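Chain residues, written in single-letter form:
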Amino acid sequence: MTKRPPSLNRRSLLHGMAAVGAGGLLAACGDGSSPGSGSGSGSAKSGSGGNLPSSLKSLADKATKEGQVRLFVSTDSRTPAHARKLSRALRADTGADIEIKFVSGEPDPAFANKLVQEAKAQVAPSIDVFATTPLVVKQLSGANLVQSVDWGSMDGVAAADVWADHQGIYIAEIARTVLYNTKDIKAEDAPKSLEELLTDKWRGKIVTAGLPDVFSPLAAGLGVDKTLDFVRRLLENGRVSLASVPTAIRTQVSSGEFPIGYGVRIGERQRVSKAPVDYAPIKVPVVPRAGLVVKGAKNPSASQLFLYWLNATEQGRKQAYEVLDWPRYTTPGTDLHVLAEKAGGVMTADTDWWMNEYEKVNKQVAQLLRK
């Protein structure tokens, strides 16, 4: 299915005013009908609660006493300076004095396995917060490693953002985009559809990665049969080359080695350095990422407050993108919002689809890739 990015509603605008210190007033007027829209029920600036709804003051106080959140950031090149920037923004917006500490390491599935092994060994978890994709959420939830949190009861959290069965809260998205090198291809000549990638015009000029989850999210918009057909035809002899990992795709496109890339976002460094790479105006799938408080977390209240902030406040969503490079296509100012506007929407699905059907498609694509 296709979704278009919504414009700011009244509540999100008011929350944004609160985020910049415009009086701490948060109106109870959201519709809460779509991810990121929020559904607040009234708030006021409240001492150590900063610009948070008054109902969260107690949580903010507990979070300050804990004083730290250990956040897993995978293999991203996040630095202590990024962490300090995030801590300052959190404190300025919520009044909660919390140190954000990054824990980096293996890709998400491998780190999830580490958490499972820690639990089996009855060792305290090495992180407090994990923001990850549906299959990893399902793995950790199934292993009973996610702390139960009543996200839906918190003012400002939209019902559609709560992964109730898995104790998660919607935080960000991974997108399988189509990139092109702007030195090699003029904007008007860039591909306009996925089907166009299968024409002889682009044969041998595309780089992608032969990993199931690079392609399986397409089924959220194309359906299973069309997705498998697309992958089968894309991988035909000579049509594409395969990079070792998705992040290599953007490097090979921006360097000019390939004019077209499929499967990864433009990198932060490329955006900052204005590398010659842009998104083709094609609707692409966005895979949701949910934030989890790890069961046995050393700092559970600070973890809840931090994830609430990333999800339900304008300032938190802004910092999620600017500091962590965790965008949402519904958040203005992010690259995914720009892409969604350019392409006329994105492909996505509801939580049930990601938790049930997505895994099935992923296995089918994996079988296809092994042939």
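For the structure, see preceding data.
It should be emphasised that the depicted structure is a prediction, and the values quoted were computed from it without experimental measurement.

Colleague: Would you explain the packing of helix α4 (residues 108-120) against helix α5 (residues 134-142) in this entry?
Modeller: For any two helices packed against each other, one specifies the crossing angle of their axes together with the interaxial distance. Close contact between α4 and α5 brings their axes to 10 Å; oriented N to C, the two are set at 5°. By the angle between their axes, α4 is roughly parallel relative to α5. When α4 is examined against α5, the residues Asp108, Pro109, Ala112, Asn113, Leu115 and Val116 are found in contact with a partner set consisting of Val136, Gln139 and Leu140. Of the residues contributing to the contact of α4 with α5, the split by class is six nonpolar, two polar and one charged.

Colleague: Please clarify how the pairing of strand β6 (residues 168-175) should be interpreted in this entry.
Modeller: Counting buried positions along β6 yields seven of eight residues, so the element is predominantly enclosed. The pairing of strand β5 (residues 162-163) with β6 spans two bridges and is classified as antiparallel. Paired with Trp163 across the bridge in β6 is Gly168. Pairing of β6 with strand β12 (residues 286-293), which is carried by six bridges, proceeds in the antiparallel orientation.

Colleague: Looking at this structure, how should I read the nonpolar core?
Modeller: Across soluble globular proteins, you tend to see nonpolar side chains buried next to one another. By size, the foremost hydrophobic cluster in this structure holds 52 residues, and its most contacted members are Val178, Leu194, Phe230, Ile260 and Trp353. Looking at which element gives the most residues to this core, the answer is helix α14 (residues 351-370), with six residues. The contact partners of Ile260, leaving out residues within four places of it in the chain, are Val178, Leu179, Tyr180, Ile185, Pro191, Leu197, Trp202, Lys205, Ile206, Val207 and Val253. Judged by nonpolar contacts, the second largest core, of 40 residues, contains Leu86, Ala89, Val129 and Ala131.

Colleague: Would you take a moment to explain the side chain of Arg265 for this structure?
Modeller: By the secondary structure assignment, Arg265 is in the loop between β10 (260-262) and α10 (268-272). For Arg265, a relative accessible area of 10% translates into the label buried. Within the structure, Arg265 has its side chain in polar contact with the side chain of Asp325 (distance 2.8 Å). Within polar-contact distance, the side chain of Arg265 engages the side chain of Asp335 at 3.0 Å. Excluding anything up to four places from it in sequence, Arg265 contacts Ala175, Thr177, Leu179, Arg250, Arg271, Tyr279, Tyr321, Asp325, Pro327, Asp335 and Leu336.

Colleague: Help me understand the environment of Ser55 in this model?
Modeller: Mapped onto the secondary structure, Ser55 falls in the loop between α1 (10-19) and α2 (57-66). It is 7.4 Å that separates the C-alpha atoms of Ser55 and Asp155, two residues lying 100 residues apart in sequence. One polar contact links Ser55 to Asp155, side chain to side chain, over a distance of 2.7 Å.

Colleague: How should the pattern of salt bridges be read in this particular structure?
Modeller: It is possible for side chains of opposite charge to pair when their charged atoms get near one another. Taken as a whole, this structure holds 19 salt bridges when the rule is applied. Salt-bridge contacts for Lys138 lead to Glu359; the nearest nitrogen and oxygen are separated by 3.2 Å. One end of the pair, Lys138, is in helix α5; the other, Glu359, is in helix α14, with 221 residues separating them in the sequence. Classification of Lys138 as partly exposed rests on a relative accessible area of 27%. A relative accessible area of 29% means that Glu359 is categorised as partly exposed. Here Glu314 makes a salt bridge to Arg317, at a shortest N to O gap of 2.8 Å. Taken together, the positions of Glu314 and Arg317, both in helix α12 (residues 314-322) and three residues apart, correspond to about one turn of that helix. Classification of Glu314 by relative accessible area gives buried; the value is 16%. What you see here is one network of salt bridges that share partners, running through Glu195, Asp229, Arg232 and Arg233.

Colleague: How should a positive patch on the surface be read in this particular structure?
Modeller: A cluster of basic side chains, namely Arg84, Lys85, Arg88 and Lys318, defines a positive patch on the protein surface. The element that contributes the greatest number of residues to the positive patch is helix α3 (residues 80-94), accounting for three residues. Considering the arrangement of structural elements, one finds Arg88 in helix α3.

Colleague: Help me out: how do you make sense of the environment of Ile171 in this one?
Modeller: Summarising the element assignment, Ile171 is placed in strand β6. By relative accessible area, Ile171 is classed as buried at 2%. Here the alpha-carbon distance between Ile171 and Tyr308, two residues 137 residues apart in the chain, equals 9.0 Å. Once you skip the residues sitting within four places of it in the chain, Ile171 turns out to touch Arg289, Ala290, Gly291, Leu307, Leu310, Asn311, Trp326 and Arg328.

Colleague: Help me out: how do you make sense of helix α11 (residues 300-312) in this one?
Modeller: Each α-helix turn comprises 3.6 residues. Residues three or four places apart therefore point the same way. Taking 1.5 Å of rise per residue, 13 residues should cover 18 Å, and α11 covers 18 Å from first to last C-alpha, within 8% of that figure. In terms of burial, α11 is a largely internal element, 12 of the 13 residues being buried. Of all the residues in α11, the buried ones are Ser301, Ala302, Ser303, Gln304, Leu305, Phe306, Leu307, Tyr308, Trp309, Leu310, Asn311 and Ala312.

Colleague: Help me understand the packing of aromatic side chains, please; the structure alone is not making it clear to me.
Modeller: Two measures describe an aromatic ring pair: the distance that separates the ring centres and the angle between the ring planes. Overall, the coordinates contain 10 aromatic pairs when judged by the stated rule. Look at Phe111 and Phe130: their rings are 6.0 Å apart centre to centre, the planes differ by 90°, and that puts the pair in the edge-to-face class. On the criterion of sequence distance, the pair formed by Phe111 in helix α4 and Phe130 in strand β4 (residues 129-132) is long-range, its members being 19 residues apart. Between Phe230 and Tyr262 the ring centres are 6.2 Å apart and the planes differ by 65°, which places this aromatic pair in the edge-to-face class. Of this pair, Phe230 sits in helix α8 (residues 224-234) while Tyr262 is found in strand β10, placing the two residues 32 residues apart along the sequence. With respect to burial, Phe230 and Tyr262 carry one shared label: buried. Connected via pairs of aromatic rings, a cluster forms that spans Phe72, Phe111 and Phe130.

Definitions and limits used
- Residues numbered from 1 in each chain as written.
- Predicted model: local features only at pLDDT ≥ 70, side-chain atom pairs only at ≥ 80, totals over all residues.
- Heavy atoms only, no water.
- Axes fitted to C-alpha atoms, helices over the stretch in contact; angles between N-to-C directions.
- Helix = DSSP H or I, 4+ residues; strand = E, 2+ residues; numbered from the N terminus.
- Parallel < 35°, antiparallel > 145°, perpendicular 65-115°, else oblique.
- Contact = heavy atoms within 4.5 Å.
- Nonpolar A, V, L, I, M, F, W, Y, C, P; charged D, E, K, R; others polar.
- Buried < 20%, exposed > 50% of the residue type's maximum accessible area, 1.4 Å probe, protein only.
- Pairing = 2+ DSSP bridges.
- Core = buried A, V, L, I, M, F, W, Y, C linked by side-chain atoms within 4.5 Å.
- Polar contact = N/O pair within 3.5 Å; in protein donor to acceptor, adjacent residues only side chain to side chain.
- Salt bridge = Lys/Arg side-chain N within 4 Å of Asp/Glu carboxyl O.
- Patch = residues over 30% accessible without salt bridge, like charges linked within 9 Å, V, L, I, M, F, W, Y side chains within 5 Å.
- Areas by Shrake-Rupley, 256 points an atom, 1.4 Å probe, with all protein chains shown as cover.
- Lys, Arg positive; Asp, Glu negative; His and termini not counted.
- Charge placed at Lys NZ, Arg CZ, Asp CG, Glu CD.
- Expected span 1.5 Å × (residues − 1).
- Phe/Tyr/Trp six-rings, centres within 6.5 Å; stacked < 30°, edge-to-face > 60°.

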